[in-house]
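Commentary on secondary and tertiary structure
One letter stands for each residue in the lines below.
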Amino acid sequence: MRHILFTLLLTLALAANALAGGFALNSPDLRDGGTVAPAQVLNGFGCTGANVSPALVWTDPPAGTKSLALTVYDPDAPTGSGWWHWVVFNIPASARALPSGAGSGKAALPAGAVQSRTDFGAPGYGGPCPPPGKPHRYVFTLFALDVERLDLQPDAPAAMVGFNLNAHALGTASLTATYGR
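Residues numbered from 1 in each chain as written. Predicted model: local features only at pLDDT ≥ 70, side-chain atom pairs only at ≥ 80, totals over all residues. Heavy atoms only, no water.

1. Concerning the state of the cysteines
Here a disulfide denotes one covalent bond, and it connects the sulfur atoms of two cysteines. Tallied over the full model, the rule gives one disulfide. Sulfur-sulfur distance for the disulfide between cysteine 47 and cysteine 129 comes to 2.1 Å. Its S-S torsion of about 90° marks the bond between cysteine 47 and cysteine 129 as right-handed, since a negative value means left-handed. Taken together, the positions of cysteine 47 in strand S3 (residues 47-48) and cysteine 129 in the loop between strand S8 (114-115) and strand S9 (136-145) put the pair 82 residues apart, joining distant regions of the chain. For cysteine 47, a relative accessible area of 6% puts it in the buried group. (Disulfide = S-S within 2.5 Å. Helix = DSSP H or I, 4+ residues; strand = E, 2+ residues; numbered from the N terminus. Buried < 20%, exposed > 50% of the residue type's maximum accessible area, 1.4 Å probe, protein only.)

What follows is the structure in structure tokens.
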């Protein structure tokens, strides 16, 4: 009887996992719901972090994924429209990770990937550095896309990239970390 109960519970657990989908974004440098480490904090605007983009890993993009894109967004920035910290598109569908420093020029992005302009005015990773006060949320979102590449220039603004990402998204995976000072 125990064997049957165990088999039934295992089958239900595997079925629930399959129904939930396996597309997930994780990081050895960030924990979902955790605090951004000094290594990922901006070195500027009064902050003294190392400004190194975190390592990111993902699993099981949806069927039909032809490319991937990543955004890092602070919805709490006092701008009226948030703040884009990192925008990368045309990541090959076969990729399953970005190494630490890929957005900071300390490691390579996958071949063909394009870093676009952020709200700092240039491409590349710009770490958190909110004004003093309540901690801000930093939402790392990986988009699975139905096109092999977005036909955008490397200096395309984040809003233009975001429009295209939402038009071609098969699914998303995200994690959110906070930082305050």
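2. Description of the sheet that holds S9
Pairing is antiparallel across the open sheet formed by five strands, whose spatial order is S8-S6-S5-S9-S10. Either end of the sheet is taken by a strand with one partner, and the two such strands are S8 and strand S10 (169-179). Pairing of S9 with S10 involves 10 bridges; the strand directions are antiparallel. Counterpart to leucine 142 in the pairing with S10 is alanine 173. (Pairing = 2+ DSSP bridges.)

3. Remarks on helix H2 (residues 158-168)
Taken together, the buried positions of H2 are Ala158, Val161, Gly162, Asn164 and Leu165. End-on view of H2: buried residues confined to an arc of 165°, all on one side of the axis. Seen from the open side of H2, the exposed residues pointing more than 90 degrees away from its buried face are Ala159, Phe163, Asn166 and Ala167. Against the buried residues of H2 lie strand S5 (67-74), strand S6 (83-92), S9 and S10. (Arc of directions from axis to C-beta. Contact = heavy atoms within 4.5 Å.)

4. Focus: the sheet that holds strand S7 (residues 97-98)
The sheet built from three strands is open, its strands ordered S1-S4-S7 with antiparallel pairing. Two strands close off the open sheet at either side, each with one partner strand: strand S1 (24-26) and S7. Strand direction decides the pairing type here: S1 and strand S4 (residues 56-59), joined by three bridges, are antiparallel. In the sheet register, asparagine 26 faces S4, and the bridge partner there is valine 57.

5. Describing the pattern of salt bridges
Going through the model one piece at a time under the given rule, you end up with two salt bridges. When the shortest N-O distance is used, the salt bridge between aspartate 76 and arginine 137 registers 2.6 Å. One end of the pair, aspartate 76, is in the loop between S5 and S6; the other, arginine 137, is in strand S9, with 61 residues separating them in the sequence. Residue aspartate 76 is classed as partly exposed on the basis of its relative accessible area, which comes to 27%. Judged by relative accessible area, which is 39%, arginine 137 ranks as partly exposed. With its nearest N and O atoms 3.5 Å apart, the salt bridge here joins arginine 149 to aspartate 151. On the basis of relative accessibility, which here comes to 51%, the residue arginine 149 falls in the exposed class. (Salt bridge = Lys/Arg side-chain N within 4 Å of Asp/Glu carboxyl O.)

Remember, this is a structural readout, not a statement about activity or role.
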